[in-house]
Amino acid sequence: MARFPLIAGNWKMHKTVTETLNYIHRFRELVAGIEDREIMIAPPFTALYLAGRELAGTGIRLGAQNAHWAEQGAFTGEISPVMLKECGVTYVIIGHSERRNVFGENDEMIRKRLEGVLKAGLRPILCVGERLEEREAGRTFEVLERQIREALSGFAPGDLGELVIAYEPVWAIGTGRTATPEQAEEAHRYVRGLLGELFGDDFAEKIRILYGGSVKPENIAQLMARPDVDGALVGGASLDPETFSRIVKYETL
Ligand code: PGA
């Protein structure tokens, strides 16, 4: 079954509002006319509103890097899904390994954030992935299983139609050390099998699973050639519009 590819850029804590607008003006031209895949960029919160206005009508989706579960409340420093929606956001990255490992977000928080995102009618990109020591100890599948079971517990398949999963091995993020296409495919196939167990095979076949971790123009084509790799979540290499547009086009040169 053909799944529509999604190439997503996660800018992390990079770019001011001015830098974001300059990027978008250039990037819009570079990817104009591409209709056979979905493209998303996730700037920092401060740039979302203006980015949303600049992206309107271009087909490029706007993403956010996290969201709180409540619509509003006494949660200093957090941003609600309703606020993101007003800015024109479509996708929200949830459970990124930097949120888990640097800011202490646990599976239960991630489940709640996911719920809030879905409730607002936004599409979550749930990030999962093992750390180096977990891979070396042969625990990759066990970690993926725990992260997915806990994040998706209590949901019915009908609630999760817009879910996207990103497999991001922590040892490959920002390290220049990409998982081989075989390693990515193996993990993606495991995740799809688990989704099938939890929610049925029809559901699992529809869900897009992105690979993330040192994706660059040099490796995108090989990764995308794998049957269970439905797109990419790109950090560092999404910060330059030329480089990211080459990834979007699977230009390996
Ligand atoms: P990277 O980051 O492409 O810089 O490795 C990926 C991510 O963290 O989503």
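Shown above is the structure to which this text applies.
Only a predicted model underlies this, so the values are computations on that prediction, with no experimental measurement involved. (Residues numbered from 1 in each chain as written. Predicted model: local features only at pLDDT ≥ 70, side-chain atom pairs only at ≥ 80, totals over all residues. Heavy atoms only, no water.)

**Student:** Now, about helix H5 (residues 107–119): what can you tell me, with residues and values included?
**Tutor:** With 13 residues, H5 extends 18 Å between its outermost C-alpha atoms, agreeing within 8% with the 18 Å of an ideal straight helix rising 1.5 Å per residue. Of all the positions in H5, only Asp-107, Ile-110, Arg-111, Arg-113, Leu-114, Gly-116, Val-117 and Leu-118 are classed as buried. Where H5 is buried, its residues touch helix H3 (81–86), strand E4 (91–94), helix H4 (97–101), strand E5 (123–128) and helix H7 (140–151). Gly-121 lies just past H5 and shows a positive phi near 80°. (Helix = DSSP H or I, 4+ residues; strand = E, 2+ residues; numbered from the N terminus. Expected span 1.5 Å × (residues − 1). Buried < 20%, exposed > 50% of the residue type's maximum accessible area, 1.4 Å probe, protein only. Contact = heavy atoms within 4.5 Å.)

**Student:** For the sheet that holds E4, give the residues involved together with the corresponding values.
**Tutor:** Strand order in the closed barrel formed by 8 strands is E1-E2-E3-E4-E5-E6-E7-E8, and the pairing between neighbours is parallel. Taking the axes of each pair of neighbouring strands and ignoring which way they run, one obtains an average angle of 25° across the sheet. Where E4 meets E5, 4 bridges bridge the pair, whose relative direction is parallel. Looking at E5, one finds that Val-92 is bridged to Pro-124. Sheet strands in contact with helix H2 (residues 45–55) are strand E2 (38–42) and strand E3 (61–64), and its direction is about 170° off that of E3. (Pairing = 2+ DSSP bridges. Axes fitted to C-alpha atoms, helices over the stretch in contact; angles between N-to-C directions.)

**Student:** Residues and numbers for the site of the ligand, please.
**Tutor:** Around the ligand, the surrounding shell holds 13 residues, and the nearest of these are Lys-12, His-96, Glu-168, Gly-174 and Ser-214. Lys-12 is positioned with one of its side-chain polar atoms (N or O) 2.7 Å from an oxygen atom of the ligand. Taking Gly-174, its main chain carries an N or O atom lying 2.6 Å from an oxygen atom of the ligand. Considering the ligand on its own, with 280 Å² of exposed area, one finds that the protein chains cover 95% of that surface. A class-by-class count of the residues in the shell around the ligand yields 4 nonpolar, 7 polar and 2 charged. (Near = heavy atom within 4 Å. Polar contact = N/O pair within 3.5 Å; in protein donor to acceptor, adjacent residues only side chain to side chain. Areas by Shrake-Rupley, 256 points an atom, 1.4 Å probe, with all protein chains shown as cover. Nonpolar A, V, L, I, M, F, W, Y, C, P; charged D, E, K, R; others polar.)

Note that all results are geometric; they support no functional claim without further evidence.
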